[in-house]
Amino acid sequence: MEAGKRQQIGREDLLGGTFTLSNIGAIGGTYASPVIFPPQVAIGAIGKIERLPRFDKHDNISVKQNCKPFRDRTKYRLFEENSW
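Bear in mind the structure is a predicted one, so any value in this text is a computation, not a measurement.

On a plain count of helices and strands, the protein chain comes out with 3 helices and 5 strands. Sequence-ordered secondary structure for the protein chain, helices as α and strands as β, is α-α-β-β-β-β-β-α. Counting every position in the protein chain, which comprises 84 residues, the buried fraction comes to 17%. Sequence-distant contacts, at least 24 apart, represent 34% of the contacts inside the protein chain between residues at least 6 apart. Total accessible area computed for the protein chain in this model is approximately 7000 Å², and 53% of it derives from carbon and sulfur atoms.

Have a look at this one:
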């Protein structure tokens, strides 16, 4: 954690993880297509908060809500090999 505070995280500090969470919202991103790099088994990307309209059954705008998109990708073999 201290290396992160000093902005001195090296490549070896990032190896061997199983899940990565990327905050693309910090740079204004809204959607992403995350890519899994071995040996990781899943990745998630969080987009920026947007105020979006929501519609009722008559297609009238009923309310605007704050929405934060989340995209994830998981290796299907993780669940195949470890059937629950």
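So, on to the pattern of salt bridges. With the rule as written, the count across this model stands at 1 salt bridge. With its nearest N and O atoms 3.8 Å apart, the salt bridge here joins Lys5 to Glu2. Residue Lys5 and its partner Glu2 are located together in helix α1 (residues 2–5), separated by 3 residues, close to a single helical turn. Judged by relative accessible area, Lys5 falls into the exposed class, the value being 59%.

Rules of the game
- Throughout this description, residue numbers start from 1 for each chain and increase along the sequence as written.
- Where totals are concerned, whole chains, interfaces and linings use all residues; where local detail is concerned, this predicted model gives features only for residues with pLDDT of at least 70, and gives and counts side-chain atom pairs only at 80 or more.
- Remark: hydrogens and water are excluded; side-chain values derive from all non-hydrogen atoms of the structure.
- Secondary structure elements follow DSSP: runs of H or I of four or more residues count as helices, runs of E of two or more count as strands, with numbering from the N terminus.
- Burial classification: accessible surface area is computed with a 1.4 Å probe over protein chains only, and a residue below 20% of its type maximum counts as buried, one above 50% as exposed, and the rest as partly exposed.
- Contact definition: two residues touch when any of their heavy atoms are within 4.5 Å.
- A 1.4 Å probe and the Shrake-Rupley method give the accessible areas. Residues count as covered only by the protein chains that appear here.
- Take a side-chain nitrogen of Lys or Arg and a carboxyl oxygen of Asp or Glu: if they are within 4 Å of each other, that pair is a salt bridge.

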